[in-house]
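Single-letter residue listing:
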Amino acid sequence: MRRTSASLLAGTLVAALAWASGPSSPATAQDPTPGVADLTQDINQILSDSRLTIARAGVVVRSATGGEELYNTDGGKLMIPASNTKLFTAAAAAETLGLDYRFTTSVLSAGRKAGSVLTGDLVLRGTGDPTMLAEDYDALAAEVAGAGVKTVAGRLVADDTWFDAVRLGNDWAWDDETAYYAAPISALTASPDRDYDAGSVVVSVAADGDKVKVATTPETDYLKIVNRATPGTSTDVLIERLHGTRTVVITGTVATPYQEWVAVDDPTAYASALFRQALKKHGVRVLGPTVTGAAPSGAAKLAERESMPLSELLVPFMKLSNNIHAEILTKAMGRKVSGQGTWAAGLKVSTDFAKANGVQVLNMRDGSGLSRRDGFSPASIAQLLTAVRGKPWFQAWYDSLPVAGNADRFVGGTLRSRMRGTPAAGNVRAKTGSLTGVTSLSGYVTSADGEPLVFSVMLNQYLSGSPKDIEDKIAVRLAQFSRTRTVDAPAQLRQAAADAPELECSWLKPAHC
C-alpha cells in the first residue's frame, strides 16, 4: 500500500504519547521456569523498539497442543489485522465449501439450433471462478464451435447473477479502485496470469525506436489505451486507469520494458469481451449485442469448465495473499449457505464459524483485510490457529501458509525474503498482513525443544519505518525457545530479516519482489 509522510501532527502526538513506548502492558512470565521468563523478557525488549513509541502492539504466544499461554501483551485489544483476515476466510471456506469445491463456468443455449444457427441467445454463466484465463474462454468457445454452432442469431448474455452486483467493499479506499489488489468482484471474471489476479489486465510498455509499444496480457481491446509515453534514457513511466472508465493513460519515459497490473472497471464485461473475441476466432458469429442477465430456465449446456479444487486454490490465495480470492470465496460461502452471493451473507458464515471455534473478539467487514474497519484481537487469532488444528482439512490449510525464508514463490510466498539464515527459516508458517501503518504476522512455529507454538503479532498506528523486522525477531526468538535451556537470544536476534521489504509481496508483483 502507499506510504504517507508524517505530518506536523505526528510530532505533537509523539511528544504527547511518549509514555506509550513499547507494549502498553509489558507481559510478565506466567510460568516460573527460566525458559518462559527469558522469553517474556526478550519479547518485551523487542517491543521496546522506538518505532512503536506511539504505536499499538499486541502479541500472544501459546502452546499449540495444550493452549498454555506463554506470552501476552494487549492480546485482548481490537486491532486492524490487514491480511491476517484471510486466516479466517480461508478456514471458513475450507469448512463450509470443502476442499473439493470447484467453481464452474458454463456456456448455455437459450434457443433452438437449426443447422449451424442458434436461433436464440448464447449465455455465458459464471460462479466466480478467479482462475479463468483467456485460454479457458478460448477453450469454451472451441467447444461451442465443435457443437456445430456457427451463427448465434440472438445475443451474448453474460450471467453473473450467482453473486450480487456490488463490486467493491464498502470500506475500501477510493484511490485503490484501479489497483489490481482491489479489483471489482463478479461471478464472471478473468485473470491475466497464473497468480490468478482476477479482474485485472497486465499492461506492458517497451521502447521501439522513436516510439513506445504497448501490449496487454491477455490480448484484448476491452481497454482504451492512451499512450503519451516517449522513449528515454531511463524508465520513469506511469500506467494508470482513469477512475470509472476503461481508459488507461500511459505517461513518462521508457528505456527498458516495464509492466503494470491494472484492475478493470467491469469484470463481467471484460470476461464477456474475451469470450466474444474467442468465439469470433473459432468462426462463431454473434449477431446480437452483449448484455447482462440471468440464463432462462431450461437452457441447454453447450460447454463447461471447472476450476481447480479449493485445496489447490488455497496455495495462490494464501501464499501470495490474493485479496480477490478472499472476496470471491466470501460471496461463494454466502451463496452456498443462504442462497445469497453477497458480502453480508458470506461474512456471517465466516464470523459464525469463528465464534463456533471460540473466537470472541472480531469484526469482519470483508474477506481480505482491505478494510480498515476489520478488527481482531491477537488472542482471537491465536484461538483460531489453535482450534483449527483438529479439523480434517487442517493440513491443506496449514500447507497454504507462507514458509519463512523459502525462495520459491509458491512455498515461501510473502515470507520468502524474510528470516533467511535464522532458526525460523523453513520453520515458521504464518500469514502476513500489510496496510499503511499496519503490519501483522500470525501462525505456527516449532520451538527448539520441538514444541509446536501458535503466535500472533499485530502492530498498528506506527508512523514511519516498517517494523516487520520486529515481527521477525519475535518469530526467530520463538524458534529458539526452550523451556529448559538458556538461549543466547540477543546475538541471534540481530540476524533476523535485515532485508525484509517494507510491504509484503501481496502489494508487489514478481518483477519487483
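Computed from a predicted structure; not experimentally measured.

**Here's the deal with the nonpolar core**
And step 1. Within the largest apolar cluster, 64 residues are counted, with the highest numbers of intra-cluster contacts made by Leu-87, Phe-88, Leu-97, Leu-310, Val-388, Trp-397 and Tyr-444.
And step 2. Those elements giving two or more residues to this core turn out to be α3 (85-96), β15 (258-263), α6 (310-319), α7 (323-338), α8 (343-356), α9 (378-387), α10 (394-399) and β23 (452-460).
And step 3. It is α3 that provides the largest number of residues to this core, a total of seven residues.
And step 4. Ranked by size, the runner-up nonpolar core spans 39 residues in total, among them Val-144, Val-149, Val-203 and Val-254.

**Notes on the confidence of the model for the chain**
And step 1. For the chain, per-residue confidence averages 90 on the pLDDT scale, and 89% of positions sit at 70 or higher.
And step 2. The model gives residues 490-501 a pLDDT under 50, and that stretch makes 26 contacts with residues more than four places away or in other chains.

**Here we look at the packing of aromatic side chains**
And step 1. The tally for this structure, following the rule as stated, stands at twelve aromatic pairs.
And step 2. Plain terms: the ring middles of Phe-88 and Phe-376 are 4.2 Å apart, the flat faces sit at 15 degrees to each other, and that makes the pair stacked. Here Phe-88, found in helix α3, pairs with Phe-376, found in strand β20 (residues 375-376); they are 288 residues apart in sequence, far enough to count as distant. The burial state of Phe-88 is the same as that of Phe-376; both residues are buried.

**Remarks on helix α4 (residues 134-146)**
And step 1. Taking 1.5 Å as the rise per residue, α4 with 13 residues should run 18 Å; its terminal C-alpha atoms sit 18 Å apart, in good agreement.
And step 2. Every buried residue of α4 is accounted for by Asp-136, Tyr-137, Asp-138, Leu-140, Ala-141 and Val-144.
And step 3. Contact partners of the buried residues in α4: β3 (104-109), β6 (122-126), α5 (267-281) and β18 (300-306).
And step 4. Where α4 ends, the next residue or the one after it, Gly-148, has phi of about 95 degrees, a positive value.

**A few points about the sheet that holds strand β9 (residues 200-208)**
And step 1. Taken together, three strands build an open sheet; the order of strands is β10-β9-β15 and the sheet is antiparallel. Two strands in the sheet have a free side with no partner beyond their single neighbour: β10 (211-217) and β15. Going across the sheet, the axis of each strand differs from the next one's by a mean of 25 degrees, ignoring polarity.

**Description of the pairing of β6**
And step 1. In terms of burial, β6 is largely enclosed, as four of its five residues are buried.
And step 2. Examined bridge by bridge, β3 and β6 share five bridges and lie antiparallel to one another. Paired with Ser-109 across the strands is Leu-122, a residue of β6.
And step 3. Pairing of β6 with strand β8 (residues 156-159), which is carried by four bridges, proceeds in the parallel orientation. Bridge pairing in β8 links Val-123 to Val-157.

**Description of the sheet that holds strand β7 (residues 151-152)**
And step 1. Pairing within the open sheet is mixed, and its four strands lie in the order β4-β5-β7-β16. Looking at strand neighbours, the two that pair on one side only are β4 (113-114) and β16 (285-286), the edges of this open sheet.
And step 2. Where β7 lies against β16, two bridges are found, and the strand directions are parallel. Note that in β16 the partner of Thr-151 across the bridge is Arg-285.

**Concerning the environment of Pro-218**
And step 1. Structurally, Pro-218 is set in the loop between β10 and β11 (224-227).
And step 2. For Pro-218, a relative accessible area of 9% corresponds to the buried category.
And step 3. Put simply, Pro-218 and Asp-193 are 25 residues apart on the chain and 8.4 Å apart in space, counted from C-alpha to C-alpha.
And step 4. Discounting residues that sit within four places of it in the chain, Pro-218 has contacts with Ala-134, Pro-192, Val-201, Tyr-270 and Leu-274.

**Quick word on the side chain of Asp-121**
And step 1. Following the sequence through the fold, Asp-121 ends up in the loop between β5 (117-118) and β6.
And step 2. When its relative accessible area of 15% is taken as the criterion, Asp-121 is described as buried.
And step 3. Within the local environment of Asp-121, its side chain forms a polar contact with the backbone nitrogen of Arg-155, the two atoms lying 2.7 Å apart.

**A short note on unusual backbone geometry**
For residues other than glycine, phi is negative in most cases, and the peptide bonds are mostly trans.
And step 1. Going from Thr-217 to Pro-218, the amide bond is cis rather than trans, its omega being 0 degrees.
And step 2. The phi torsion at Tyr-196 lies on the positive side, around 60 degrees, for a residue other than glycine.
And step 3. If you trace the backbone, Tyr-196 turns up in the loop between β8 and β9.
And step 4. The backbone phi angle of Gln-461 is positive, close to 65 degrees, even though this residue is not glycine.

Thresholds applied
Residues numbered from 1 in each chain as written. Predicted model: local features only at pLDDT ≥ 70, side-chain atom pairs only at ≥ 80, totals over all residues. Heavy atoms only, no water. Core = buried A, V, L, I, M, F, W, Y, C linked by side-chain atoms within 4.5 Å. Buried < 20%, exposed > 50% of the residue type's maximum accessible area, 1.4 Å probe, protein only. Helix = DSSP H or I, 4+ residues; strand = E, 2+ residues; numbered from the N terminus. pLDDT = per-residue confidence, 0-100. Contact = heavy atoms within 4.5 Å. Phe/Tyr/Trp six-rings, centres within 6.5 Å; stacked < 30°, edge-to-face > 60°. Expected span 1.5 Å × (residues − 1). Pairing = 2+ DSSP bridges. Axes fitted to C-alpha atoms, helices over the stretch in contact; angles between N-to-C directions. Polar contact = N/O pair within 3.5 Å; in protein donor to acceptor, adjacent residues only side chain to side chain.

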